[in-house]
Amino acid sequence: MKTLMSGNEAIARGAWEAGVRFASAYPGTPSTEILENMAKYQEVRSQWSVNEKTALEAALGASLGGVRALCAMKHVGLNVAADPLFSSSYTGVNAGLVIVTADDPGCHSSQNEQDNRYYAQAAKLPLLEPSDSQEALDFARTAFELSEEYDTPVLLRVTTRVAHGKSPVATGPRTEATAPAYERTMAKHVLVPAVARPRHAAVEERLVQLQAYAESSPMNRIEWGSRRLGVVSSGVAYQYAREVLGDNASYLKLGMSFPFPDALARSFISQVEQVIVVEELEPFLEQAVRALGIDVKHPIEGKSLIPLTGELDSRTVALSLAPALAAAEGRPLGTASAPPDSGALGTVGELGNLSAPGREAEQVVGRPPMFCAGCPHRGVFYELGRLPVMVSGDIGCYALGAMPPFAAMDTCIDMGASIAAGLGFQTALDILRPGKPARTIAVIGDSTFFHSGMTGLLDAAYNSVGVITIILDNRITAMTGHQENPGSGFALSGAPAREAQLAALVRAIGIEMVQTVDPFDLAQVREAIAVAMGDPGPSVIIAHGPCALLRRLAVKRLAYQVDQDTCRKCKACLRVACPALCVEGDNVQIDAETCVGCGICSQVCRFDSIRQARAAEGGEE
Amino acid sequence: MSETTNAMLVGVGGQGTILASRVLAQLLLDAGFDVKMSEVHGMAQRGGSVTTHVRFGRRVAAPTISPGQAHFILAFECMEAARHSHYLREDGVIIANTRRIPSLPILIGREAYPDDIANRLAGRGVDVRWLDASAVAAGLGNVRVENTVLLGAFSTFLAFPEDAWKQALRTVIPAKHIELNLAAFAAGRRLTQQ
């Protein structure tokens, strides 16, 4: 009996079946559920690391120590982990080491749409690209075997649709893995120059062997359909090509796309009339195909047709391919002769349906995400929006502070950038406008601060730059769906953990002015910022208030109500943009079901017309 | 002719679209279909639109439904029905809840909730079956089961026996909530059976 699994669940399952004993990650969409699912397996020591670099270093250490290890991250996380990634290629492994990168074409939840397949090429590691959940499981298993057989970390790359898409999966039992007992091997593991030079040569030799494997790997296969068109594809892009063309094309379906199987590709290309490379984002496969230098009858197509930016879907692929196919053949593709050996698994191409002009999109009011009712970030951004300051933002729910009506953010760059970028901006202000009170305020969440904000703060303290840092300490890694972190007091397993002390940490870094405020008290927030602005040195404000969705710290408070008799209809309260407040006719109403009683709206009312339910109904108690 | 059936479930974070799509996927898996289901996580919990794509057939390739490809759209909210209507095939059907949930631009007074959605869709020849699933759910004592009411209404458009749906509900929904959900499902079926 098959079960429906997301690609992320299937990766965790496949690694578990392969006998993985250690797993580490920093949460990041679309990769987070890999470790959340891994944590359900008792045989695996699973942990949240503070960032992707420490996660990969830990996984490499575990591998060298003798247990199969997996490390997962989102695409931009691999930038953070790039240093150990390149080194791990030289050290090789002891027990298998698999690194999962979950890329996000379309930027569903990311600051860019980089294509991490190039990391495999740059770090000279084998690259596996599953195209559905079954392959995610199978490839994860295979990755551990490859890792040990070729003494290399393996990069397993999924994209949002594979990571989050669910499809039926057949599971298998767990097989315990054994690795050789650890032995000190300085000639491999101590990467001083004298060791690194010969290791580079070994890595190159390994690539040659891996390429030979790729030529005959069952992960790389040819699916014969009509030979008029040969599609080279990998990952979810293969599924879109199949959806569009069905058996009207043949496919070189690459599960292992680096090192590229040159001979297999040559053989495939020689047996089809025209080659089209269908892939999302960069021309990674296309460059490998073109590098073969094959003399072809029709020009090889790829990014000449398929968009370089954004996420693909079936319709985009259909619209991209249709004109070129019609031109090349002088007739619609659907009239191709019956495929020679399409088995029971064949699909009917949807090219005709997909490229038909559809309905136009209906223009309706947008539904962007917004701060939740009772969110501790609301009051901070309400106050920041009223100040003439540069706000250096960061990655987390609080990036919503850039949205109207707050619009209180100047930059949002990468995980942890706010403080160091703020330092630089403040320095520019100091150079260009000496003596002026203009200030830079960096805003960063607790988890992001631990991830890579701490080092920027150390820079600010060390170099005495007067950037003000507000740490939004909501006691959880909220945006990715409530993962624990070093400040939350719990580990991934749910067990209690040592709780990092933010204020003490900040002081130890060298920050002398540290203020802790209740972000639900606007006056306190305002006062703390004013005090910080009055001091020339770097300082920190810790806004300590739990995420509204964090049940274990939820405080039951009475909902607020608008007293319509005294309300002047000025609508100032709407500037806090709370989902509990809505306009009905001329009146502002508060939905008692949605309101959690945080009271921010009542603090911006100048007429004392918003009061907690009991007080409004029955007077004082 | 397509051999894959495409259904989209669209709504607002917190409305239970994902649970409803899990029941649907379970039903399809039990019936022996190849199924692909796709949802985008991220900031859905923060009041944004939530969209789940469910595709089933003998062999399903693409994980997502493209514009113009959906046989059915089950809309949990009025504005979301309109927002996703271009995903519908010419002969497709939208089963839509009349519930209106204001979004950020409406809440902060910059936009008004559109009053003419039903007319606009009808004017363009979109086949929409409007239902007040929230009222039916409230009548059963818990507005949160509007998702199961909608699923019940949708169930009459697919050729699966009612018992298969009930089995899928029992598999997915925790035992302590199952009776209420079975009642909601039955009430939903009555809305579209006449």
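As the structure is a prediction and not an experimental result, all values here were calculated from the model. (Residues numbered from 1 in each chain as written. Chains lettered and ligands numbered in written order. Predicted model: local features only at pLDDT ≥ 70, side-chain atom pairs only at ≥ 80, totals over all residues. Heavy atoms only, no water.)

Check the secondary structure of chain B and you find eight helices and six strands. Mapped from its N terminus to its C terminus, chain B presents α and β elements in the order β-α-β-β-β-α-β-α-α-β-α-α-α-α. A compact globule built from 194 residues should have a C-alpha radius of gyration of about 16 Å, and chain B, at 16 Å, falls within 12% of that. Overall, chain B is about 50 × 40 × 40 Å in size when its C-alpha atoms are taken along their principal axes. Split into buried and exposed, the 194 residues of chain B put 61% on the buried side. Considering only contacts within chain B whose residues lie at least 6 apart along the sequence, 62% involve residues at least 24 apart. Summed over its atoms, the accessible surface of chain B is roughly 7,300 Å², and 50% of this surface lies on carbon and sulfur atoms. The centroid of the 20 positive side-chain charges in chain B is displaced by 4 Å from the centroid of its 17 negative side-chain charges. (Helix = DSSP H or I, 4+ residues; strand = E, 2+ residues; numbered from the N terminus. Rg over C-alpha atoms; globule rule 2.2 N^0.38 Å. Buried < 20%, exposed > 50% of the residue type's maximum accessible area, 1.4 Å probe, protein only. Contact = heavy atoms within 4.5 Å. Areas by Shrake-Rupley, 256 points an atom, 1.4 Å probe, with all protein chains shown as cover. Lys, Arg positive; Asp, Glu negative; His and termini not counted. Charge placed at Lys NZ, Arg CZ, Asp CG, Glu CD.)

All names here are of chain A. Entries for chain A in the domain assignment read domain 1 (3–216), domain 2 (220–353), domain 3 (377–553) and domain 4 (560–618). In this complex, domain 1 contributes 32 residues to the contact, which on the side of domain 2 involves 31 residues. Around 2,400 Å² of area is buried between domain 1 and domain 2 when both sides are counted, 54% of it from carbon and sulfur atoms. Among the residues domain 1 hides against domain 2, the three largest losses belong to Arg117, Tyr118 and Glu215. Together they make up 24% of the total. Along the contact surface separating domain 1 from domain 2 lie four salt bridges. Notably, a salt bridge pairs Glu135 with Lys253, separated by 2.7 Å at the nearest N-O pair. Across the contact surface, domain 1 and domain 2 share 21 residue pairs in polar contact (both at pLDDT 80 or more). Put simply, the parts of the chain that give the side of domain 1 that touches domain 2 at least two residues each are helix 6 (117–123), strand 6 (127–128), helix 7 (133–150), strand 7 (154–159), helix 8 (160–164) and helix 10 (193–216). (Domains from an automatic or database assignment. Buried area = accessible area lost by both parts, 1.4 Å probe. Salt bridge = Lys/Arg side-chain N within 4 Å of Asp/Glu carboxyl O. Polar contact = N/O pair within 3.5 Å; in protein donor to acceptor, adjacent residues only side chain to side chain.)

All right, on to the pairing of strand 4 (residues 70–75) of chain B then. Residues and elements named next belong to chain B. A large share of strand 4 lies buried, amounting to six of its six residues. In this sheet, strand 4 lies alongside strand 1 (residues 5–12) in parallel orientation, the contact comprising four bridges. Residue Met8 lies in a different strand from strand 4, and its bridge partner there is Ile73. Pairing between strand 4 and strand 5 (residues 88–97): five bridges, direction parallel. For Ala70, the partnering residue across the bridge sits in strand 5 and is Leu88. Handedness of the β-α-β unit built from strand 4, helix 2 (residues 78–83) and strand 5 comes out right-handed. (Pairing = 2+ DSSP bridges. Right-handed = clockwise from strand over helix to strand, strands pointing away.)

Okay, the environment of Gln47 of chain A next. Residues and elements named next belong to chain A. Within the secondary structure layout, Gln47 lies in strand 3 (residues 45–48). For Gln47, a relative accessible area of 31% gives the class partly exposed. Through-space distance from the C-alpha of Gln47 to that of Tyr26 is 8.7 Å; in sequence the pair is 21 residues apart. Filtering out sequence-adjacent residues up to four positions away, Gln47 remains in contact with Phe22, Ala23, Ser24, Ala25, Leu35, Ala58 and Leu492.

Moving on: the interface of chain A and chain B. The interface of chain A with chain B comprises 60 residues on the first partner and 61 residues on the second. Together chain A and chain B conceal approximately 5,300 Å² of surface at their shared face, both sides included; 55% is due to carbon and sulfur atoms. Counting the contacts that link chain A with chain B gives five salt bridges. In this structure, Glu80 of chain B engages Arg367 of chain A in a salt bridge whose closest nitrogen and oxygen atoms are separated by 2.4 Å. Run the count over chain A and chain B and you get 20 residue pairs in polar contact (both at pLDDT 80 or more).

Here we come to the nonpolar core. Residue and element names in this part refer to chain A. By size, the foremost hydrophobic cluster in this structure holds 107 residues, and its most contacted members are Leu35, Met38, Leu70, Val100, Leu128, Val232 and Leu245. Ranked by residues supplied to this core, first place goes to helix 7 with eight residues. Setting aside its immediate chain neighbours within four residues, Met38 contacts Ala12, Ala15, Val20, Ala23, Val44, Ser46 and Leu70. (Core = buried A, V, L, I, M, F, W, Y, C linked by side-chain atoms within 4.5 Å.)

Another point: the confidence of the model for chain A. When the pLDDT values of chain A are averaged, the result is 93; 95% of them are 70 or greater. For residues 331–346 of chain A, every residue scores under 50 in pLDDT, and the model assigns this stretch 24 contacts once sequence neighbours within four places are set aside. (pLDDT = per-residue confidence, 0-100.)

Another aspect to go through is the pattern of salt bridges. All names here are of chain A. Evaluation of the coordinates by the stated rule reveals 41 salt bridges over all chains. The residue Glu279 makes a salt bridge to Arg117 at a minimum N-O spacing of 3.0 Å. Of this pair, Glu279 sits in the loop between strand 13 (274–278) and helix 13 (284–291) while Arg117 sits in helix 6, and the two are 162 residues apart along the sequence. The exposure classification of Glu279 matches that of Arg117, with both residues buried. The closest approach of N and O atoms between Glu383 and Arg526, which form a salt bridge, is 2.7 Å. Here Glu383 is found in helix 16 (residues 377–384), whereas its partner Arg526 is found in helix 20 (residues 522–533), with 143 residues between them in sequence. Overall, the relative accessible area of 2% leaves Glu383 in the buried class. Through salt bridges with shared partners, a single ionic network connects Asp103, Asp115, Arg117, Glu129, Arg157 and Glu279.

All names here are of chain A. Taken in spatial order, the seven strands make up an open sheet running 3-2-4-5-7-6-12, and their pairing is mixed. Edge positions in the sheet fall to strand 3 and strand 12 (256–258), since each of these pairs with one other strand and no more. Bridge count for strand 6 against strand 7 is two bridges, and the pairing is parallel. Bridging across to strand 7, Leu128 finds its partner in Leu156. Against the sheet, helix 3 (residues 52–65) makes contact with strand 2 (22–25), strand 3, strand 4 (69–74) and strand 5 (97–103), and its axis sits at roughly 165° relative to strand 4, the strand it touches most. (Axes fitted to C-alpha atoms, helices over the stretch in contact; angles between N-to-C directions.)

Averaged over all residues, the pLDDT of chain B is 93; the fraction at 70 or higher stands at 95%. Here helix 3 (residues 104–107) of chain B stands out as the element of chain B with the lowest mean pLDDT, 90, in contrast to helix 6 (residues 146–155) of chain B, whose mean of 98 is the highest.

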